[in-house]
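A structural walkthrough
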Amino acid sequence: MNLNDYRLVWNDEFDDDSIDFTKWSHETGGHGWGNNEKQYYTANAGNSFVKDGKLHLVAKKEDFGENNYTSGKLSTYGKASWKYCYIEARAKVPYGVGSWPAIWMLSDAINEGTHWPLCGEIDILEHVGRFEGKVYASLHSGLYNHSIGTQQNHIAEMGDIWSDFHTYAVEWTEDYADFLFDGESYAKFIKGEDGKDTGDEGWPFNKKFFILLNLAVGGNFGGPAIDEASMPWAFEIDYVRVYQKI
């Protein structure tokens, strides 16, 4: 990975006093998001805000309709999306069983008639509190996804990642997706490796994708146990930067 081959095309340093809604939109709702998550994503200032140069997504114990927890989720859909790029975010994950922060991408196609997982999904960071210190990088497609246990993913033991900020990135090209932690590659998925399908069902990563940032509570991956005593949880993001080849 040579950043000299790239130019910065989009970024948010979160240096203003509030979320820049020319770049982000809230995604709200409490239907479990396909993963039986326990939170309701709100647009409330208590669940997503900028402070001290960082975006905070906060999950808390708070009744909201049928949900017992609230949290924040932001998306660049409709405002910015990219085909092939290097994306890097500097972030600090929360500590607590039941927490599930993520930095990830979906293709615009999911909002244009192509359902998940055929639309494709790129998970730059997932960390779940019940598996503390493990960083997950994954690709999901029609043929290879977690719902049928065939996802392309890599789990890396990174130790204490909640006490400080770290960088999480992906270099996504026509032929591969290379995931990096603090500038070092730790997982690389190559189009067609191990005889995997290279059509749209196996490698749909040939269209524009947008970025999502969220902090889930519980769910299929987050687990049934939720340590409410450790709440509220804050997922802090220092910056998100997108680069494309010169």
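Above this note sits the structure.
Residues numbered from 1 in each chain as written. Predicted model: local features only at pLDDT ≥ 70, side-chain atom pairs only at ≥ 80, totals over all residues. Heavy atoms only, no water.

**Notes on the environment of Ala-109**
As for its placement among the helices and strands, Ala-109 is situated in the loop between strand 9 (99–107) and strand 10 (121–126). According to the relative accessible area criterion, Ala-109 is buried, its value standing at 12%. Between the alpha carbons of Ala-109 and Ser-75 there is a distance of 14 Å; along the sequence they are 34 residues apart. (Helix = DSSP H or I, 4+ residues; strand = E, 2+ residues; numbered from the N terminus. Buried < 20%, exposed > 50% of the residue type's maximum accessible area, 1.4 Å probe, protein only.)

**A look at the sheet that holds strand 7 (residues 73–75)**
Strand pairing in a sheet takes place through backbone hydrogen bonds and is either antiparallel or parallel in direction. Spatially, seven strands are ordered 2-7-16-9-10-11-12 in an open sheet, and the strand pairing comes out antiparallel. Every interior strand has two partners, whereas the edge strands, strand 2 (25–26) and strand 12 (152–157), have only one. In this structure, strand 2 lies alongside strand 7, joined through two bridges in antiparallel fashion. Across the sheet, residue Ser-25 finds its bridge partner in strand 7, namely Ser-75. (Pairing = 2+ DSSP bridges.)

**Thoughts on the pattern of salt bridges**
Applying the stated rule across the entire model yields six salt bridges. Measuring nitrogen to oxygen at the nearest pair gives 3.5 Å for the salt bridge that ties Glu-157 to Lys-134. Taken as a pair, Glu-157 in strand 12 and Lys-134 in strand 11 (residues 134–140) lie far apart in primary sequence, 23 residues in all. (Salt bridge = Lys/Arg side-chain N within 4 Å of Asp/Glu carboxyl O.)

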